[in-house]
Amino acid sequence: MVKIAVYDQRTDVVNRILCTLRLRYGYRVAARGFTDLESFREGLLLQWPPDIAVLNIAVDMDACIGTAKKIQEAYGRIPFIFLMDSYCELAKVFQVNTAACLKLPLQPVKMTAAVDHLMNEKKERDREVLLVKNQSGMELIPCEEIWSIGSCRHTVTVYGQKNIWKCYGKLDEMMERLPWYFLRCHQSWIVNMEKLKEVQNSYIEMDSAKRIPVSRNRCKTVRKFAEENFENMLENQEDKRIRICVSESEKAAHE
C-alpha cells in the first residue's frame, strides 16, 4: 500500500484530490488530507510518513518549500508533487525531491499520471529486495545476493553465493515480488538468470557450478529468455558467460 499525503488550504480541493486517488487506486493507496500547513508538517513528521506528498504551494511557496525540506530531512527522498499557479520560480521548487509540478487548476488525469509514475518507481525499488518470513520474524534479502530459490515440503530455501535462508512462503507469491531477471524454471525452483553460466535441456548451471533442474515443459521458455534478455553476454567473444546447449533432435529439426 502506498501512503499519499495531500495539502491544500481549501477543503473542497483536498476532498476532490482524495476522491480522485481513491477512485483510481482503491485499496492500493492510503490517502490523508490536510488544510493546515503546520498540521501537515507535524502529522507527517510525528505520525504518518508518506510515500508521496502532494502540496499546493501557490499561496505561500516559501513556507511550503520549507516544510518539504524538513520532511525530506527526516525521511529522505520522499517525492513531492507540487501544485502551482505558474512555473516562474522553479528554482525554489527543485531545492527538494520534486517529482512533478502541476499547473492549477488541477487536471485529475495529470495528477494520476504523476502518481502512476511514482508508484511504478516504488514498485521497482521494492523488487530489489525480497521480504521473507522465517522463524526469527521478517527479513529483507537483497535480490542481487540471491542465486536460486527452491521449495520442498512447504519450506522455501533461498540460496546465495555465501548464505542460505530458510523461510515460509510459496514460489508463485515470490515470483510476483522478484525483479524481471528471475525465472521459474521448474515447479520447485526459481533462478536468478543473471547468475547462470549454461543452459542444458534438463538443467541450468550457475556461475557457482550449482545445477538447477529445468522441467521439460519450461525448457524452451528458459532458453528463449536467456537468448532474448542476455544477448550481450552470448555475443561477447572475450567473455562467453552463457552457453546454451541444443539437443541433437533440435539441431535436426532446424536443418
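Rules of the game
Residues numbered from 1 in each chain as written. Predicted model: local features only at pLDDT ≥ 70, side-chain atom pairs only at ≥ 80, totals over all residues. Heavy atoms only, no water. Patch = residues over 30% accessible without salt bridge, like charges linked within 9 Å, V, L, I, M, F, W, Y side chains within 5 Å. Areas by Shrake-Rupley, 256 points an atom, 1.4 Å probe, with all protein chains shown as cover. Salt bridge = Lys/Arg side-chain N within 4 Å of Asp/Glu carboxyl O. Helix = DSSP H or I, 4+ residues; strand = E, 2+ residues; numbered from the N terminus. Lys, Arg positive; Asp, Glu negative; His and termini not counted. Charge placed at Lys NZ, Arg CZ, Asp CG, Glu CD. Buried < 20%, exposed > 50% of the residue type's maximum accessible area, 1.4 Å probe, protein only. Pairing = 2+ DSSP bridges. Axes fitted to C-alpha atoms, helices over the stretch in contact; angles between N-to-C directions. Contact = heavy atoms within 4.5 Å. Expected span 1.5 Å × (residues − 1). Arc of directions from axis to C-beta.

J.: Go over a nonpolar patch on the surface with me, naming the residues and quoting the values.
T.: The grouping of Val129, Leu131, Met138 and Leu140 at the surface amounts to a nonpolar patch, some 360 Å² of accessible area in total. Breaking the nonpolar patch down by element, the ones donating at least two residues are strand 6 (129-134) and strand 7 (137-142). Position of valine 129 relative to the elements: it lies in strand 6.

J.: Would you mind going over a negative patch on the surface in detail, with residue names and values included?
T.: Taken together, the side chains of Glu124, Glu128, Glu144 and Glu145 make up a negatively charged region of the molecular surface. Take glutamate 128: it is sitting in the loop between helix 5 (108-126) and strand 6. Given a relative accessible area of 41%, glutamate 128 falls into the partly exposed group.

J.: Residues and numbers for the sheet that holds strand 2 (residues 29-34), please.
T.: With parallel pairing, 5 strands are arranged side by side in an open sheet as 2-1-3-4-5. Across the chains shown, the open sheet's two edge strands, defined by having one partner strand only, are strand 2 and strand 5 (98-103). Strand-to-strand, the axes of this sheet are offset by a mean angle of 15°, without reference to chain direction. With 6 bridges joining them, strand 1 (residues 2-7) and strand 2 adopt parallel strand pairing. Bridge pairing in strand 2 links isoleucine 4 to alanine 31. The strands touched by helix 2 (residues 37-46) within the sheet are strand 1, strand 2 and strand 3 (52-56), with strand 1 carrying the most contacts at an inclination of about 160°.

J.: Explain helix 5 residue by residue, including any values.
T.: Residues lying three or four places apart along an α-helix face the same way, a consequence of the helix completing one turn every 3.6 residues. Relative to the 27 Å expected for 19 residues at 1.5 Å per residue, helix 5 spans 26 Å between its end C-alpha atoms, a close match to the ideal helical length. Regarding helix 5, the residues found buried are Met111, Thr112, Ala114, Val115, Leu118, Met119 and Lys122. Down the axis of helix 5, the smallest arc covering the buried residues is 160°, so these residues share one side. Residues of helix 5 that are buried sit in contact with strand 1, helix 1 (11-25), strand 2, strand 3, strand 4 (80-84) and strand 5.

J.: Outline helix 1, supporting the account with residue identities and numerical values.
T.: If you check helix 1, its first and last C-alpha atoms are 21 Å apart, about what 15 residues at 1.5 Å a residue would give, namely 21 Å. Within the span of helix 1, buried status applies to Val13, Val14, Ile17, Leu18, Thr20, Leu21 and Tyr25. Projected down its long axis, helix 1 shows its buried positions confined to an angular sector of 155°, all on one face. Considering only its buried residues, helix 1 is in contact with strand 1, strand 2, strand 4 and helix 5. Following helix 1 by one or two positions, glycine 26 adopts a phi angle in the positive range, close to 55°.

Any functional reading would require information that these geometric values do not contain.
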